[in-house]
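Examination of the molecular architecture
Each chain, written out:
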Amino acid sequence: MNFGPGVALVVVDLQNDFADPRGSLYVAGAESVVGAVGELVDRALAAGSPVLYTQDWHPPHTPHFAPDGGIWPVHCVAGTWGAELVPSLAVVGPVVRKGTGGEDGYSGFSVRDVSTGEVVATELDRLLREAGVEAVVVCGLALDYCVKETALDAARLGYRVAVPLHATRAVELHPGDGDRALEALQSAGASLS
Ligand code: VGL
Ligand code: ZN
C-alpha cells in the first residue's frame, strides 16, 4: 500500500517490554522490527500520511497478568520503563493508550472490561476519521495479539488494511499463533506483504 494523506501508519505497542531483550515480554527478533518501523515512519511522513501509535498501559494489578489470574507476565505497567515507547522511535502523532483502567483487550480500537465483558472504543477510530483516513498500514508488536486484533478491527470498521510483515513479529505464546494470525488477517482481506 502506498502512503499518502488518506493512508495512516498505525504503530502498535513498540514498547520496551516487548521490543528490548531486557523487557519482561520480549518478542524474539523485535530489534529488526524497530528498524523497519522507523523506516516506515520516515516514508509515511514524507508522503503526508498521519502516523498514530498505540501503547499498552496497565495498572500494576490486572486480570491480564499471570499473578492476577491472566496469561501474561507483568508488562507495560503505567509509568515504568517497560511501558515507554522504544527510545529510538520518532513519535510524530497521537499515542492511544489501552488497558489503563485494568481492562483486557488487544485491539488499539477498543478495550474490554474483564468482569462485565463490556467493550468500549478508544479514540483511535475517531482520530483516523477526523484525519480523513480510509486505509491503514498496521505494524509493530506483537503480530499474533495486538497487531492482529488492531488490523482485524480496522477491517471491520471499513478501512483498507495492509500489514508489512517485515515490520512485525509474533510472540508465539502458543506455537502456531503467528501462522493463525496470518490466516485470520488474510481471511479479513488484509494485504500482507
Ligand atoms: C500484547 C500481550 C499482552 C501486544 C499486549 O501488544 O501484542 N500482547 N499485551
Ligand atoms: Zn498487555
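Check the entry above for the structure.
Our subject in this report is the structure included herewith. As the structure is a computational prediction, the values presented were derived from the model and not from experiment.

Take the pattern of salt bridges next. Summed over the entire model, instances satisfying the criterion amount to 9 salt bridges. One salt bridge in this structure joins Asp-125 and Arg-129, with 3.0 Å as the shortest N-O distance. Taken together, the residues Asp-125 and Arg-129, both in helix H3 (residues 124-130) and 4 residues apart, mark about one turn of the helix. A salt bridge links Arg-156 to Asp-153; its shortest N-O distance comes to 2.5 Å. Taken together, the residues span about one helical turn, with Arg-156 and Asp-153 both in helix H4 (residues 143-156) at a distance of 3 residues. Given the relative accessible area of 59%, Arg-156 is considered exposed. Among the residues examined, Asp-153 registers a relative accessible area of 15% and is labelled buried. When salt bridges with common partners are traced through the structure, they connect Asp-13, Asp-56 and Lys-98 into a single cluster.

Bringing the coordination of the zinc ion (ligand 2) into the picture now. Each donor-metal-donor angle in an ideal tetrahedron of four donors is 109.5 degrees, and each such angle in an ideal octahedron of six donors is either 90 or 180 degrees. Bound to the zinc ion (ligand 2) are the protein donor atoms Asp-56 (OD), His-58 (NE2), His-64 (NE2) and His-75 (NE2), situated 2.0 to 2.2 Å from the metal. Every donor residue of the zinc ion (ligand 2) comes from the same chain, spaced as D-x1-H-x5-H-x10-H. Taken together, the residues span a long stretch of sequence, with His-64 in the loop between strand E2 (51-56) and strand E3 (95-98) and His-75 in the loop between E2 and E3 at a distance of 11 residues. Residue His-64 shares its accessibility class with His-75, and that shared class is buried.

Attention shifts here to the environment of Gly-38. With respect to the helices and strands, Gly-38 occurs in helix H2 (residues 30-47). Accessibility expressed as a relative area gives 27% for Gly-38, which makes it partly exposed. For the pair Gly-38 and Asp-17, spaced 21 residues apart in sequence, the C-alpha to C-alpha distance is 18 Å.

For the rest of this paragraph, the subject is the site of ligand 1. The environment of ligand 1 is made up of Asp-13, Phe-18, Asp-56, His-64, Trp-72, His-75, Tyr-106, Leu-141, Ala-142, Tyr-145 and Cys-146. Here a nitrogen atom of ligand 1 sits 3.0 Å away from a polar atom, N or O, in the side chain of Asp-56. At 3.4 Å, a backbone N or O of Leu-141 approaches an oxygen atom of ligand 1. Here ligand 1 loses 99% of its free accessible area of 250 Å² to cover by the protein chains. For the shell around ligand 1, a count of residues per class yields 7 nonpolar, 2 polar and 2 charged.

Evaluation of the coordinates by the stated rule reveals 4 aromatic pairs. Their ring planes at 90° and their centres at 4.8 Å tell us that Trp-72 and Tyr-145 sit as a pair that is edge-to-face. Here Trp-72, found in the loop between E2 and E3, pairs with Tyr-145, found in helix H4; they are 73 residues apart in sequence, far enough to count as distant. Taking the relative accessible area as the measure of exposure, Trp-72 reaches 4% and is therefore buried. Aromatic side chains Phe-109 and Tyr-159 sit 6.3 Å apart centroid to centroid with 25° between the ring planes, which places their arrangement in the stacked category. Taken as a pair, Phe-109 in the loop between E3 and strand E4 (110-112) and Tyr-159 in the loop between H4 and strand E7 (160-163) lie far apart in primary sequence, 50 residues in all.

Here is what the cut-offs are and how they apply
- Throughout this document, residue positions are counted from 1 along each chain, in the order its sequence is written.
- Labels are handed out in written order, letters beginning with A for the chains and numbers beginning with 1 for the ligands.
- Totals for whole chains, interfaces and linings use every residue, but because this is a predicted model, local features are given only for residues with pLDDT of at least 70 and side-chain atom pairs only at 80 or more, for both listing and counting.
- Values reported for side chains reflect all heavy atoms of the structure, with hydrogen atoms and water molecules removed beforehand.
- One speaks of a salt bridge when a side-chain nitrogen belonging to Lys or Arg is within 4 Å of a carboxyl oxygen belonging to Asp or Glu.
- Only runs of H or I of at least four residues qualify as helices and only runs of E of at least two qualify as strands under DSSP, and these elements are numbered from the N terminus.
- When accessible area is computed with a 1.4 Å probe and restricted to protein chains, residues below 20% of their type maximum are described as buried, those above 50% as exposed, and intermediate ones as partly exposed.
- Donor selection uses N, O and S atoms within 2.8 Å of the metal (3.2 Å for Na, K and Ca). Since no water is included, sites may look incomplete.
- For this description, a residue counts as near a given molecule or strand if any of its non-hydrogen atoms is within 4 Å of it.
- The term polar contact refers here to a pair of N or O atoms within 3.5 Å; inside protein, the definition further demands a hydrogen-donor-capable atom paired with an acceptor-capable atom, and it admits residues adjacent in sequence only when both atoms are side-chain atoms.
- Computed with the Shrake-Rupley method and a 1.4 Å probe, the accessible areas treat only the protein chains shown as cover for residues.
- For this classification, Asp, Glu, Lys and Arg are treated as charged, while Ala, Val, Leu, Ile, Met, Phe, Trp, Tyr, Cys and Pro are nonpolar and the rest, including Gly, are polar.
- By convention, a stacked pair of Phe, Tyr or Trp rings (six-membered ring in the case of Trp) has centres within 6.5 Å and planes under 30 degrees apart, an edge-to-face pair has planes over 60 apart, and any other such pair is tilted.

Geometric descriptors of this kind do not, in isolation, establish any biological role.
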